[in-house]
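# Coordinate inspection notes
Each chain is listed here by its residues.
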Amino acid sequence: MTSIEVEALTKKYGPETVVDDLSFTVAPGQVTGFLGPNGAGKSTTMKMIIGLAAPTRGTVAIGGRRYDDLTVPLTEVGVLLDAGAVHGSRKARDHLLALAVSNGLPRHRVDDVLARTGLEGVAGKRVGGFSLGMRQRLGIAATLLGDPEVLIFDEPVNGLDPDGIRWIRGFMRSLAGEGRAVLVSSHLMSEMAQTADHLVVIGQGRLIADTSMSEFMRANGEGTVLVRTPEPDSFATRLAAAGATVRDGLESSLVVSGMTSEEIGKLATYHGVTLSELTPQQASLEDAFMELTKDSVEYQGAAA
Ligand SMILES: Nc1ncnc2c1ncn2[C@@H]1O[C@H](COP(=O)(O)OP(=O)(O)OP(=O)(O)O)[C@@H](O)[C@H]1O
C-alpha cells in the first residue's frame, strides 16, 4: 500500500509564491480530490510530486521515496497531465507499445490496459481521429501500463460529455477500490462530490481544507427546509425558540436550518399552525466550495 506524502511544499516563480507551505497525504484505497479555483496551484503541486518542477522548499515522498529515486516510475506512479499530448498520427496500440517497450514493461500489458479502458475496438486506429473522451481513455490506459499503486490525474474530466465524465468517475472509484492511491484535481466541486472520498482544497497555493468528503458534506451540505405559512413571523419565533436558525426566503417564505422537515411539521401541529409548504432543500456543495475559496478568488480578481 503506497501513499503520497506532501510536506511543507513551496514553489516560487520569481517573487510569486504559487504553492505555499502545503502539506497533505494521499492515502491508498481512496480517491483524493484536489480542489481549488483556477490558478490555485494544483498543476504546479502535481508537477512537483512527479519531479517535473523543483520545489523551492519542502518534500514529496511516494511510498517513502522521491519520484526521481523510483527505478521504473511507470510501475509505481501513473500520471495523466495532458491527454492531448499524444501524437495524432500514432495508432493507439502503437502509442502504448512504445511506452511499454521504452519502460521495459511486458508487451501483454498493452492488451491488458486496452481491455481495461474499453479501447480494444479502436486499438488499430489513429489517435488523431479520437474524440476527447477516447483520448482521455488512452491517457488513462497509459497510466496503468506499469500497474502502479499511485495514480495522479490533472483535471481528467475537463471538456468531456456526461458519458465520458461518468465513465471516468466510475473508473477512479474502481482504481481506489483496488487499493490504489488516486489523486484527482478539479476546479469544480460538483465533479468531486460523487467521486472523492477525501478532499484537499487549496486557494492561492495554501491549504484551505483537508477533510473526508463525508465530513465536508456533514459540515456544508446540511439541507435547509423551505416553509410557507400564513403566519410567518410568529412561526419563525417558535422555530427559533425550538433551536432552529431561520431566515426570510422569497415571497414571505422561511428558510429553516437546524431542524428536519419532520420536526418542523410536528412543531407546527403542536402549535396549531397551518403550513402551506414544507420542502427540504439540498444545499449545494458547489456553494460551500465557492464560499470556502472566495477570498482567494477575489484576491486574484483584484490582482489581475
Ligand atoms: N512556469 C511558470 N512560471 C511562472 N508562473 C507559473 C508557472 N507555472 C504556473 N505559474 C503560475 O502559478 C499559478 C498556479 O498555477 P497552476 O497551473 O499550478 O494552478 P492550477 O490550480 O492548476 O490552475 P488551473 O486549474 O487554471 O490549471 C498561476 O498563477 C500560474 O500563472
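So, how was this worked out
Residues numbered from 1 in each chain as written. Predicted model: local features only at pLDDT ≥ 70, side-chain atom pairs only at ≥ 80, totals over all residues. Heavy atoms only, no water. Helix = DSSP H or I, 4+ residues; strand = E, 2+ residues; numbered from the N terminus. Buried < 20%, exposed > 50% of the residue type's maximum accessible area, 1.4 Å probe, protein only. Contact = heavy atoms within 4.5 Å. Near = heavy atom within 4 Å. Polar contact = N/O pair within 3.5 Å; in protein donor to acceptor, adjacent residues only side chain to side chain. Areas by Shrake-Rupley, 256 points an atom, 1.4 Å probe, with all protein chains shown as cover. Pairing = 2+ DSSP bridges. Axes fitted to C-alpha atoms, helices over the stretch in contact; angles between N-to-C directions. Core = buried A, V, L, I, M, F, W, Y, C linked by side-chain atoms within 4.5 Å. Arc of directions from axis to C-beta. Lys, Arg positive; Asp, Glu negative; His and termini not counted. Salt bridge = Lys/Arg side-chain N within 4 Å of Asp/Glu carboxyl O.

### Description of the overall build of the chain
Of the regular secondary structure elements, the chain holds ten helices and 13 strands. Each principal axis of the C-alpha atoms in the chain carries an extent, and together these give about 75 × 50 × 40 Å. For the chain, the residues scored as buried account for 45% of the 304 residues in total. In the chain, the share of contacts with a sequence separation of at least 24, taken over all contacts with a separation of at least 6, comes to 69%.

### Digging into the site of the ligand
The immediate surroundings of the ligand are formed by Tyr-13, Val-18, Pro-37, Asn-38, Gly-39, Ala-40, Gly-41, Lys-42, Ser-43, Thr-44 and Glu-155. At a separation of 3.2 Å, an oxygen atom of the ligand approaches a polar side-chain atom of Asn-38. In this structure, an oxygen atom belonging to the ligand sits 2.8 Å away from a main-chain N or O atom of Lys-42. Protein contacts shield 56% of the accessible area of the ligand, which totals 630 Å² for the unbound molecule. Here the shell around the ligand takes three residues from helix H1 (residues 42-49), the largest share from any one element.

### Some thoughts on the sheet that holds strand E2 (residues 16-26)
Backbone hydrogen bonds are what pair the strands of a sheet, in a parallel or an antiparallel way. With antiparallel pairing, three strands are arranged side by side in an open sheet as E2-E1-E4. Every interior strand has two partners, whereas the edge strands, E2 and strand E4 (57-62), have only one. Each strand of the sheet is rotated relative to its neighbour by a mean of 20 degrees, with strand direction disregarded. Examined bridge by bridge, strand E1 (residues 4-13) and E2 share seven bridges and lie antiparallel to one another. Residue pairing for E2: Tyr-13 is matched across the bridge by Glu-16. Along the sheet face, H1 touches E1, E2 and E4 and points at about 120 degrees away from the line of E1.

### Regarding unusual backbone geometry
A positive phi angle, near 50 degrees, is found at Ala-8, a position not held by glycine. With respect to the helices and strands, the residue Ala-8 is situated in strand E1. Of note, Glu-251 is a non-glycine position whose phi angle comes to about 50 degrees, a positive value.

### Comments concerning the nonpolar core
Counting 46 residues, the largest nonpolar core has Leu-96, Leu-145, Phe-153, Val-182, Met-189 and Leu-199 as the members making the most contacts within it. Of all the elements, helix H5 (residues 162-177) adds the most residues to this core, at six residues. In contact with Leu-199, not counting residues within four places along its chain, are Gly-33, Leu-35, Met-189, Met-192, Ala-209, Asp-210, Thr-211, Met-213 and Phe-216. Counting 25 residues, the second-largest nonpolar core is a separate cluster that includes Ile-4, Val-6, Ala-53 and Val-200.

### Description of helix H8 (residues 232-241)
When we look at burial in H8, the residues that qualify are Pro-232, Phe-235, Ala-236 and Leu-239. For H8, the angular spread of buried residues about the axis comes to 105 degrees, placing them on one side. Residues of H8 that are exposed and point over 90 degrees away from its buried face: Asp-233, Thr-237 and Ala-241. Turning to H8, the residues buried within the fold contact strand E10 (224-228), strand E11 (245-248), strand E12 (254-257) and helix H9 (261-270). Remark: Gly-243 follows H8 within two positions and exhibits a positive phi of approximately 105 degrees.

### Examining the side chain of Glu-191
With respect to the helices and strands, the residue Glu-191 is situated in helix H6 (residues 189-193). Comment: no salt bridge for buried Glu-191; closest opposite-charge side chain is Arg-169, at 6.5 Å. Not counting residues within four places of it along the chain, the set of residues in contact with Glu-191 comprises Val-157, Arg-169 and Ser-186.

### Notes on the pattern of salt bridges
Here the structure, examined in full by the defined rule, presents twelve salt bridges. The shortest N-O distance in the salt bridge between Asp-112 and Arg-109 comes to 3.3 Å. One end of the pair, Asp-112, and the other, Arg-109, are both in helix H3 (residues 108-116), three residues apart, so they sit about a helical turn from each other. Residue Asp-197 is joined to Arg-173 by a salt bridge in which the shortest nitrogen-to-oxygen separation is 3.2 Å. Residue Asp-197 is found in the loop between H6 and strand E8 (198-203), and its partner Arg-173 is found in helix H5; the two are separated by 24 residues along the sequence. Residue classification places Arg-173 among the partly exposed positions, given a relative accessible area of 32%. In this structure, a network of salt bridges that share partners links the residues Arg-116, Asp-147, Glu-178 and Arg-180.

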